[in-house]
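Descriptive analysis of the structure
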Amino acid sequence: MNTLSVGNLLRRPEAGAFLGLVGVLAFFIIFGSTKFLEPAGAASWLNVAANLGIVALPIGLLMIAGDLDISIGAMIPAGSMTIAIISGFYGLPIWVGMLGSIGIGLIVGLVNGYLVVRTAVPSLIVTLGTLFAVQGLMLGVSVLVTGTTSVPLTADPWAKFLFGQFLFGSFQVIIIWWIAITALFVFFIHLSPYGNWIFAMGGDRVSARNAGIPTAGLTVILFVLSSTSASFVGMCQAILFNSAQVSGGMTFIFNAIISVVVGGVLLTGGFGSIIGIFFGTITFAVVNQGIYFTTFDRNWSSLIIGVMLLIAVLMNNTFRHMALTYSPKKK
């Protein structure tokens, strides 16, 4: 009957991530100002969090399951370039370009998942290969077809409304998509049996397979989710900014992994939560953008960001260790 005890609360994977977020917010309120909490300031880090968060969620699931996908660094510009070439350069309907963007994410995800399942090659190496392969493909196709690495795009009003507009002048509409996708992930991972399958895979994949869990099929699905999420973000960016470029997207690899780890997901797999990843993504975005609301010398920004993220991760690990060793006093 002690379900709300301190120990039980701290045992939650998202507990450390939430406390880290509170600490980061307190830091910028003390050393900066509350302007970064006002609409214009909040938009700067919420926009970053939304674009990063949609990618971080499936990456977090893969890490919980014991895998990793770094090909997302190429899938974001691939999603952008695909819709720009199809609907911008060739002038086909925007929905055709959108299907193309999601389609390339589906194909790469299937390739990643199939190679990981059917070979003994670690997912890091497999997705490293597809990262460079997709990068080279996009560069080659873009130059061959359009003669340039930057392609303009003019989306239909309905597409701009759903995927590429600014709400209230500053907030990207992708924020709504991020919140909706997070809610769906929370339902399927924490409120349905499928989530237990993923955690079981991260704990012991052989035992999970012997218990009847379709580990191979689930692994492929997770890689497809990762690739399509990245191509979706790239598609939204192309619609929002009316253009696409071959370069860009590489920073999403490390930023997504950092957000997931700050969110309480163990690199060894088997532990984490969607809400924790959500908090971790916001924490990273606040640290990344909050520095511009302080009086600190910008030349030291990378050092400050790195130290604060390291502290957030250490706080997460400390509270998790405290939770695991906590035992309520008997009355």
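Model, not experiment: these values are computed from the prediction.

As for the overall build of the chain
Counting its regular elements, the chain contains 14 helices and four strands. For the chain, the spread of C-alpha atoms along the principal axes amounts to about 75 × 55 × 35 Å. Taking the intrachain contacts of the chain between residues at least 6 apart in sequence as the baseline, contacts between residues at least 24 apart amount to 78%. Both charge centroids of the chain, one from 12 positive and one from 7 negative side chains, sit 14 Å from each other.

Looking at the side chain of glutamine 172
Relative to the helices and strands, glutamine 172 is located in strand β3 (residues 171-172). Setting aside residues no more than four positions away along its own chain, glutamine 172 makes contact with Asn47, Asn51, Gln165, Phe166, Leu240 and Phe241.

With respect to a nonpolar patch on the surface
There is a patch of nonpolar side chains on the surface, built from Trp95, Leu99, Trp158, Phe161 and Leu162 and spanning about 570 Å² of accessible area. Only α5 (94-118) and α7 (157-163) provide two or more residues apiece to the nonpolar patch. When residues in the nonpolar patch are grouped by element, the largest group, three residues, is from α7. In this structure, tryptophan 95 sits in helix α5.

What to know about the pattern of salt bridges
The final tally for this structure, using the stated rule, is one salt bridge. The partner of aspartate 67 in a salt bridge is arginine 205, with the nearest N and O atoms 3.0 Å apart. Here aspartate 67, found in the loop between α3 (39-64) and α4 (72-89), pairs with arginine 205, found in helix α10 (residues 205-210); they are 138 residues apart in sequence, far enough to count as distant. A relative accessible area of 11% means that aspartate 67 is categorised as buried.

Thoughts on the packing of α3 against helix α12 (residues 250-262)
As a packed pair, α3 and α12 sit with axes 8 Å apart at the nearest point and diverge in direction by 65 degrees. With respect to α12, the axis of α3 lies roughly perpendicular. Here the hand of the crossing between α3 and α12 comes out right-handed. Contacts between α3 and α12 involve Asn51, Leu52, Val55, Ala56, Ile59, Gly60 and Met63 from the first element and Phe252, Asn255, Ala256, Ile257, Ser259, Val260 and Val261 from the second. Within the contact of α3 with α12, the residues separate by chemical class into ten nonpolar, four polar and no charged.

Some remarks on the confidence of the model for the chain
Regions with low pLDDT carry predicted coordinates that are not meant to be interpreted in detail. Overall, the prediction assigns the chain a mean pLDDT of 88, with 92% of residues at 70 or greater. Across the chain, the secondary-structure element scoring lowest on mean pLDDT is helix α1 (residues 6-11), at 62, and the one scoring highest is α5, at 96.

Focus: the nonpolar core
Formed by 93 residues in total, the largest nonpolar core has its most connected members in Trp45, Val55, Ile83, Trp178, Met235 and Ile239. Discounting residues that sit within four places of it in the chain, valine 55 has contacts with Ile72, Ile76, Ser229, Ala230, Val233, Phe252 and Ala256.

Details of the packing of aromatic side chains
This structure, assessed with the given rule, holds 13 aromatic pairs. Look at phenylalanine 27 and phenylalanine 31: their rings are 4.7 Å apart centre to centre, the planes differ by 40 degrees, and that puts the pair in the tilted class. Here phenylalanine 27 pairs with phenylalanine 31, and both are found in helix α2 (residues 13-31), just four residues apart, close to one helical turn. By relative accessible area, phenylalanine 31 is classed as partly exposed at 44%. Summarising the aromatic geometry, the rings of phenylalanine 163 and tryptophan 177 are spaced 5.2 Å apart at their centres and angled 15 degrees between planes, so their arrangement reads as stacked. Residue phenylalanine 163 is located in helix α7, and its partner tryptophan 177 is located in helix α8 (residues 174-190); the two are separated by 14 residues in the primary sequence. Pairwise contacts between aromatic rings join Phe27, Phe28, Phe31, Phe36 and Phe293 into one cluster.

A short note on the environment of tryptophan 158
One can find tryptophan 158 in helix α7. Among the residues examined, tryptophan 158 registers a relative accessible area of 39% and is labelled partly exposed. Setting aside residues up to four positions removed in sequence, tryptophan 158 forms contacts with Ile94, Trp95, Met98 and Phe163.

Here's the deal with helix α9 (residues 193-203)
What α9 keeps buried is the set Gly195, Ile198, Met201 and Gly202. Buried positions in α9, seen along its axis, are confined to an arc of 120 degrees and lie on one side of it. For α9, exposure combined with an orientation more than 90 degrees from the buried face picks out Pro193, Asn196 and Gly203. Of the surrounding secondary structure, the elements contacted by the buried residues of α9 are α3, α8, α10 and α11 (215-241).

Here's the deal with the environment of threonine 182
Counting through the fold element by element, threonine 182 comes out in helix α8. A sequence separation of 132 residues divides threonine 182 from alanine 50, and the C-alpha atoms of the two residues are 10 Å apart. Other than its neighbours up to four places away in sequence, threonine 182 contacts Leu57, Ile274 and Phe278.

Cut-offs used in this document
- Each chain has its residues counted from 1, running along the sequence as written.
- With the structure being a predicted model, the display of local features is reserved for residues of pLDDT at least 70 and the display and counting of side-chain atom pairs for 80 or more, all residues being used for whole-chain, interface and lining totals.
- Calculation of side-chain values draws on the structure's entire complement of heavy atoms; hydrogens and water are dropped beforehand.
- Starting at the N terminus, helices and strands are each numbered in turn, a helix being any DSSP run of H or I of at least four residues and a strand any DSSP run of E of at least two.
- In this description, contact between two residues means that some pair of their heavy atoms is separated by no more than 4.5 Å.
- His is not counted, nor are the chain ends, whereas Lys and Arg count as positive and Asp and Glu as negative.
- To locate a charge, the coordinates of NZ of Lys, CZ of Arg, CG of Asp or CD of Glu are taken.
- For patch building, the residue pool is restricted to those with more than 30% relative accessible area and no salt bridge; the joining distance is 9 Å between like charges and 5 Å between nonpolar side chains (Val, Leu, Ile, Met, Phe, Trp, Tyr).
- Residue burial considers only the protein chains on display, and all accessible areas are found by Shrake-Rupley using a 1.4 Å probe.
- Each reported salt bridge corresponds to a side-chain nitrogen of Lys or Arg within 4 Å of a carboxyl oxygen of Asp or Glu.
- Relative accessible area decides the class of each residue, using a 1.4 Å probe on protein chains only: under 20% of the type maximum gives buried, over 50% gives exposed, and in between gives partly exposed.
- Here the axes come from fitting lines to C-alpha atoms, over the contacting stretch only for helices, and the angles between their N-to-C directions go from 0 to 180 degrees.
- Angles are sorted into four bins: roughly parallel if under 35 degrees, roughly antiparallel if over 145, roughly perpendicular if 65 to 115, and oblique for all others.
- The hand of a helix crossing depends on one turn: near helix anticlockwise from the far one by less than a right angle means left-handed, and clockwise means right-handed.
- Residue polarity follows a fixed list, in which Ala, Val, Leu, Ile, Met, Phe, Trp, Tyr, Cys and Pro are nonpolar, Asp, Glu, Lys and Arg are charged, and the others, Gly among them, are polar.
- The predictor rates its confidence in each residue with pLDDT, a number between 0 and 100.
- For the purposes of this section, nonpolar cores are sets of buried Ala, Val, Leu, Ile, Met, Phe, Trp, Tyr and Cys residues that join through side-chain atoms within 4.5 Å.
- Paired rings are identified among Phe, Tyr and Trp, the last through its six-membered ring, by centres lying within 6.5 Å, and are further divided according to the angle between planes into stacked (under 30 degrees), edge-to-face (over 60) and tilted (the rest).
- This arc is taken over the directions from the axis of the helix to the C-beta atoms.

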